[in-house]
Amino acid sequence: MVRARVRGREDEWTGLMRSAMAGDDAAYHRLLKAVTPVLRATARRGLARAGQPPDQAEDIVQEILLAVHLKRHTWDSEAPFAPWLFAIARNKLIDALRRRGRRVFVNIDDFAETLPGETPQETASAGEVTAQLNSLPQRQRDVLQSIAVESASIKDTATKFSMSEGAVRVALHRGLSALTAKLRDHQ
Amino acid sequence: MDTNELIRTLAADNAHRAPRVGAVLTMGLLVGAPLSILIFATFLGVRPDVMSAMHNPFFDMKFAVTLSLAIPAIIVSLHLSRPEALMRGWGWLLLLPVGLLAVAIGGEMMMAPAMPMTMRMVGKNSRVCLSAIPAMSLPLLAGALFGLRHGAPSRPALAGALAGLLSAGLAATLYASHCTDDSPLFVATWYTIATAVVTAIGALVGSKLLRY
């Protein structure tokens, strides 16, 4: 039963990711929404096993999502999406636990066998991303905040800051890359 | 920023397309190569008797060995730039130069050698070999690490070691055209030590630089 559900879910993810890579932003949004509860549940379990408070799970989830986003060109669209996702998630979870002074073994199956619904579907605010956001250059921060917090479109953001849409896109991508680099290096 | 907001932001950036790791690796190597060639042209140069040396199978064998290191190392390093990649099923590619060397050493043993074995192994150029291969490797290693940084290797030190192997293989290909020691025993000894040094540097730097 669980296996069949997991397989169905993973096929769906692969399909969504293929559409996303073909330029379907809505499919990409749905995919990220769909994987987040699984990532969150596993991050919590990893923290619990390492004797760490589970409230840091959201920081780890956000780091995984950023890595997934910035490394998605390493996904082979002929391959299933889940093993690629879980490899990135495992890497980030191990890094996060190591930073907190714990060495723990994280098994790929921890991700693969986690079903959504095991944890509440809340979405906590994470401290680390927010903190690093404030150290970004003004323009990148403005653009990120406009799109993230005010849920403005690229077009609206461009109008608001009197920028071209291309410049907004560049600032957005650079901001996300810089954020990821800061999260990786500040520890 | 809460996670829903982050997801919305990532989705807004979906249109951004990054180049493939192979393209960035190629670019990195193309930037590093002129520096390595400059070192080669300034301090080494092609050996003067290259035209007649080309008729010596052991001279040609050196290029087969160095390229059978460089090309598989490039292939494996690109494979490992995917986070879910395993070495299983790929490691044998890196044994190709070892196999070629073994065959060449066997071949030389069966011929009537002009010099005793120890002299062939020690050669005349061991010191140059040990400094030239690492020196010419470094610009290529920097380029390779730059390229692989674009990937997402789960084992950064291993990926860095492969960057070391591939750059040593390419540098050794240049060096082989300079060196007058053609005995496979010389290659197996000194090229291997030089390659090991570069590989260790690659692994060390890679373990820091290739984390994503």
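(A) Structural detail: helix H1 (residues 3–12) of chain B. Of all 10 residues in H1 of chain B, 8 are buried; the element is thus mostly enclosed. Where H1 of chain B is concerned, the buried positions are Thr3, Glu5, Leu6, Ile7, Thr9, Leu10, Ala11 and Ala12 of chain B. Residues of H1 of chain B that are buried make contact with helix H2 (25–49), helix H3 (57–70), helix H6 (127–133), helix H7 (138–148), helix H8 (154–160) and helix H9 (165–185) of chain A.

(B) Spotlight on the domain arrangement of chain A. Residue and element names in this part refer to chain A. According to the domain assignment, chain A contains domain 1 (1–124) and domain 2 (125–187). The interface is formed by 10 residues belonging to domain 1 together with 11 residues belonging to domain 2. Here the side of domain 1 that touches domain 2 gets 8 residues from one element, more than from any other, and that element is H3. For the side of domain 1 that touches domain 2, the class distribution of residues is 4 nonpolar, 2 polar and 4 charged.

(C) Representation of the interface of chain A and chain B. The partner chain B presents 28 residues to the 41 residues of chain A that form the contact. If you list the elements that add at least two residues to the side of chain A that touches chain B, you get H2, H3, helix H4 (81–99), H6, H7 and H9 of chain A. Looking at the side of chain A that touches chain B residue by residue, the class counts come to 21 nonpolar, 13 polar and 7 charged.

(D) Structural context of the packing of helix H7 (residues 126–148) of chain B against helix H8 (residues 156–176) of chain B. Residue and element names in this part refer to chain B. Where H7 meets H8, the axes come as close as 7 Å, and the angle between the chain directions of the two elements is 130°. Classified by the angle between their axes, H7 and H8 sit oblique to one another. Of the two elements, H7 crosses H8, and the hand of that crossing is right-handed. The residues of H8 that touch H7, namely those facing Cys129, Ala132, Ile133, Met136, Ser137, Leu140, Leu141, Ala144, Leu145 and Leu148, are Ala159, Gly160, Ala163, Gly164, Leu166, Ser167, Ala168, Leu170, Ala171, Ala172, Leu174 and Tyr175. In the contact of H7 with H8, the residues fall into 18 nonpolar, 4 polar and no charged.

(E) Structural detail: the nonpolar core. Membership of the largest hydrophobic core comes to 55 residues, with the highest contact counts inside it found for Leu31, Leu32, Ile64, Leu65, Leu85, Ile88 and Leu172 of chain A. A per-element tally of this core places H4 of chain A first, with 11 residues. A domain-level breakdown of this core finds at least three residues from each of domain 1 (1–124) and domain 2 (125–187) of chain A. Formed by 49 residues, the second largest nonpolar core is a distinct cluster that contains Ala70, Leu80, Ala161 and Tyr175 of chain B.

Rules of the game
- Counting of residues starts from 1 at the beginning of each chain's written sequence and follows it residue by residue.
- Throughout, the order in which chains and ligands are written sets their labels, letters from A for the former and numbers from 1 for the latter.
- In keeping with the predicted nature of the model, local features appear solely for residues at pLDDT of at least 70, side-chain atom pairs appear and are counted solely at 80 or more, and the whole-chain, interface and lining totals rest on all residues.
- Once C-beta atoms are placed from the backbone, each residue is buried if 20 or more other C-beta atoms lie within 10 Å of its own, exposed if 12 or fewer, and partly exposed for counts between those two.
- Helix numbering and strand numbering both begin at the N terminus, where a helix is a DSSP run of H or I of at least 4 residues and a strand a DSSP run of E of at least 2.
- Any two residues are considered in contact once their C-beta atoms, placed from the backbone, lie within 7 Å.
- Either an automatic procedure or a domain database provided the assignment from which the domain bounds are taken.
- In this count, Pro and Cys sit with the nonpolar residues alongside Ala, Val, Leu, Ile, Met, Phe, Trp and Tyr, while Asp, Glu, Lys and Arg are called charged and the others, Gly among them, polar.
- Between N-to-C directions, angles span 0 to 180 degrees; the directions come from axes that are lines fitted to C-alpha atoms, helices contributing only their stretch in contact.
- Comment on the angle field: the value is read as roughly parallel under 35 degrees, roughly antiparallel over 145, roughly perpendicular from 65 to 115, and oblique elsewhere.
- In this scheme the crossing of two helices becomes right-handed for a clockwise turn of the near helix relative to the far one and left-handed for an anticlockwise turn of less than a right angle.
- Under the definition applied here, buried Ala, Val, Leu, Ile, Met, Phe, Trp, Tyr and Cys residues are grouped into a nonpolar core through C-beta atoms within 7 Å.

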